[in-house]
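Each chain, letter by letter, is given below.
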Amino acid sequence: MDSQDNDATTADGVPADRTELSSLFDAVPTQAWDVRRRHYGERWWLVRHNEVYELDRVADAAWRACGEGRRVAAVARAVADDLGLAPTDALEPTITALVALNDAGLLRFTQEA
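Residues numbered from 1 in each chain as written. Predicted model: local features only at pLDDT ≥ 70, side-chain atom pairs only at ≥ 80, totals over all residues. Heavy atoms only, no water.

**Q** Describe helix 4 (residues 72-83), listing the residues and the values that go with them.
**A** In this model, helix 4 (12 residues) spans 16 Å end to end at C-alpha, consistent with the 16 Å of a helix rising 1.5 Å per residue. Most of helix 4 is tucked away, with 9 of its 12 residues classed as buried. Those residues of helix 4 that sit buried are Val72, Ala73, Ala74, Val75, Ala76, Ala78, Val79, Ala80 and Leu83. Following helix 4 by one or two positions, Gly84 adopts a phi angle in the positive range, close to 70 degrees. (Helix = DSSP H or I, 4+ residues; strand = E, 2+ residues; numbered from the N terminus. Expected span 1.5 Å × (residues − 1). Buried < 20%, exposed > 50% of the residue type's maximum accessible area, 1.4 Å probe, protein only.)

Put into structure tokens, the structure is as follows:
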């Protein structure tokens, strides 16, 4: 990646990565319809067809909160409550987990109508 990519701005002069984060923050993560959550003991997985994804505690809490039609900020608050964290401490790991779930095709981000 060259330095121009790091300095990309929108037409409004706002750094591009900041507008992407802002639009993600307002998005509603929606679970893919064909993904099922499974557990055995204290371990949790998401399963789609023959694909299996093991979840950590943050990703599992985020996944469960996504089933309720919440925005990313509300998902982070739910993760914080579930794991006993301060909301500010839960925000970054929640966004990281949601982006990873999105990248795996297990959920998608939509804008509320």
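**Q** Account for the pattern of salt bridges, naming residues and giving values.
**A** One pass over the structure, following the stated rule, counts 7 salt bridges. Across the salt bridge formed by Asp60 and Arg37, the nearest N and O atoms sit 2.7 Å from each other. A residue pair is termed long-range when its members are at least 10 positions apart, and Asp60 in helix 3 (residues 57-66) and Arg37 in strand 2 (residues 36-40) qualify at 23 residues. Among the residues examined, Asp60 registers a relative accessible area of 6% and is labelled buried. Accessibility expressed as a relative area gives 26% for Arg37, which makes it partly exposed. We note a salt bridge from Arg48 to Glu51, for which the minimum N-O separation is 3.0 Å. (Salt bridge = Lys/Arg side-chain N within 4 Å of Asp/Glu carboxyl O.)

**Q** Which residues make up the nonpolar core, and what values go with them?
**A** Grouped together as the largest cluster of nonpolar side chains are 25 residues, with contacts concentrated most on Leu46, Trp63, Val75, Val79, Leu98 and Leu101. The set of elements that each furnish at least two residues to this core consists of helix 3, helix 4 and helix 5 (87-103). When residues in this core are grouped by element, the largest group, 7 residues, is from helix 3. In this view, Leu98 contacts Pro29, Ala62, Cys66, Val72, Val75, Leu107 and Phe109; residues no more than four positions away in its chain are not counted. (Core = buried A, V, L, I, M, F, W, Y, C linked by side-chain atoms within 4.5 Å. Contact = heavy atoms within 4.5 Å.)

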